[in-house]
Amino acid sequence: MKRVLVIGAGGFTGGFIVEEGLRRGYEVWAGVRASTSRKWLNDERIKFIEFDFDAPYHFPKILNDALPEGEKWDYIIYNLGATKVVRYLDFNRINYEYLRDFLHALHHTGKEPEKFLYMSSLSALGPKDERNYSPLTEEMIPTPNTRYGASKIKAEVCLMSSGVPYIIFRPTGIYGPRDKDYFLMFESVKKGIDFSVGFRRQMLTFIYVEDLACAIYDALEKAPAGEVYNISEPASYTQKEFRRICAEEIGKKFVLPVRVPVVGLKAVSWVAEKINALRSQPSTLNSDKYHIMKQRNWNVDVSKARRDFGFNPKVDLREGVRRSVEWYRKEGWM
């Protein structure tokens, strides 16, 4: 039985990564904070290891106490990260410094795994070809235009230079049951309103969370180390197509499309960011997210992932939205 350690197991995606590992027969360790909710980590087979990432000097002892000397995890999946923060400096601290400190501890204790999979983001690439909408590929030079994307690239470079056998995933928008961000969009459609940004065509891509979890283990088991992969359902959708699918699966006959000019979104994002900063809370809508929402081309070329580990998502957007809406209703969210 192979051992896998999932860092950031308590988040939306992390819970599904843990479940997929258990389904495949792994000895699964969930790396969490002491304060992390374990609502979706209730399987008795899960082994827990607690980290305080603001106290990295404890990492060597924590790792050595978890596994005896000479033993280690076969795979480590590093899913920890922040997508919104109160202070932009926190992107660097959480997305880069936490990873750097963890890698140092692995080296110090001799617990480097056979493979280390890092969850980056498609935002690390930055905007590309918004004229012809050619797909994003792994060969493109990253030019992130957000602080979030820049922190992810910094973390990628740190991992690449660490000596640890790595695989880097850059997934597009992740959705599915338990997710809160896309749920807000579904709720808006249910109320009969669909907000979109700008008047130029925007091509959107998605990856259903269970497909992503499967891809992670497929890559660890089959893909060579030292590679980067863009991850998405191999299809793209216009905002109109996305709205129609959501409305049909939710059962809403009429949805009013509301287009917000890019300049208007920038102003609203700035105001929302300042208000939430006064409350010491991260804002879903902020000046960093504005650049992400402004981006027109999210097309993804997944041929490299197909070639290296047989990447083949099973759930398209319609089926994924149907499953998500069904779960939200069952849990009383919708």
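Here is what the cut-offs are and how they apply
- Residues numbered from 1 in each chain as written.
- Predicted model: local features only at pLDDT ≥ 70, side-chain atom pairs only at ≥ 80, totals over all residues.
- Heavy atoms only, no water.
- Pairing = 2+ DSSP bridges.
- Helix = DSSP H or I, 4+ residues; strand = E, 2+ residues; numbered from the N terminus.
- Axes fitted to C-alpha atoms, helices over the stretch in contact; angles between N-to-C directions.
- Contact = heavy atoms within 4.5 Å.
- Phe/Tyr/Trp six-rings, centres within 6.5 Å; stacked < 30°, edge-to-face > 60°.
- Buried < 20%, exposed > 50% of the residue type's maximum accessible area, 1.4 Å probe, protein only.
- Expected span 1.5 Å × (residues − 1).

Draft legend 1. Quick look at the sheet that holds strand E1 (residues 3-7). One open sheet accounts for seven strands, arranged E3-E2-E1-E4-E5-E6-E11; its pairing is parallel. Either end of the sheet is taken by a strand with one partner, and the two such strands are strand E3 (47-50) and strand E11 (227-231). Strand-to-strand twist of the sheet, defined as the mean angle between neighbouring strand axes without regard to direction, takes the value 20 degrees. In this sheet, strand E2 (residues 27-32) lies alongside E1 in parallel orientation, the contact comprising five bridges. Following the sheet pairing, Arg 3 is matched in E2 by Glu 27. Seen against the sheet, helix H3 (residues 89-109) touches E1, strand E4 (75-78) and strand E5 (115-119) and runs at an angle of roughly 170 degrees to E5.

Draft legend 2. Representation of the packing of aromatic side chains. Scanning the model with the defined rule gives 34 aromatic pairs in all. Ring geometry for Phe 102 versus Phe 116: centroids 6.5 Å apart, planes at 45 degrees, classification tilted. Of the two residues, Phe 102 is situated in helix H3 and Phe 116 in strand E5; the sequence distance between them amounts to 14 residues. Owing to a relative accessible area of 0%, Phe 102 belongs among the buried residues under this scheme. For Phe 116, a relative accessible area of 0% translates into the label buried. Pairing Phe 206 with Phe 242 gives two aromatic rings, centres 5.0 Å apart and planes at 25 degrees, and the pair type is stacked.

Draft legend 3. How the structure looks around the environment of Ser 324. For Ser 324, the position within the fold is in helix H11 (residues 317-330). Ser 324 sits in the buried class, given a relative accessible area of 0%. Along the primary structure Ser 324 and Ile 174 are separated by 150 residues, whereas in three dimensions their C-alpha atoms are 12 Å apart.

Draft legend 4. Spotlight on helix H6 (residues 209-222). Between the first and last C-alpha of H6 there are 20 Å, a value that for 14 residues agrees with the 20 Å anticipated at 1.5 Å per step. Of all the 14 residues making up H6, 10 are buried; the element is thus mostly covered by neighbouring parts of the structure. Of all the residues in H6, the buried ones are Val 209, Asp 211, Leu 212, Ala 213, Ala 215, Ile 216, Tyr 217, Asp 218, Ala 219 and Leu 220.

Draft legend 5. Structural detail: helix H7 (residues 239-250). Taking 1.5 Å per residue, 12 residues should reach 16 Å; H7 reaches 16 Å between its end C-alpha atoms and fits that length. Where H7 is concerned, the buried positions are Gln 239, Phe 242, Arg 243, Ile 245, Cys 246, Ala 247 and Ile 250. Among the residues trailing H7, Gly 251 stands out with phi positive, at a value near 90 degrees.

Draft legend 6. Looking closely at unusual backbone geometry. Of note, Asp 129 is a non-glycine position whose phi angle comes to about 35 degrees, a positive value. Inspection of the secondary structure puts Asp 129 in the loop between E5 and helix H4 (147-160). Residues other than glycine seldom take positive phi values, yet Tyr 133 does so here, at roughly 60 degrees. Residue classification places Tyr 133 among the buried residues on the basis of a relative accessible area of 9%.

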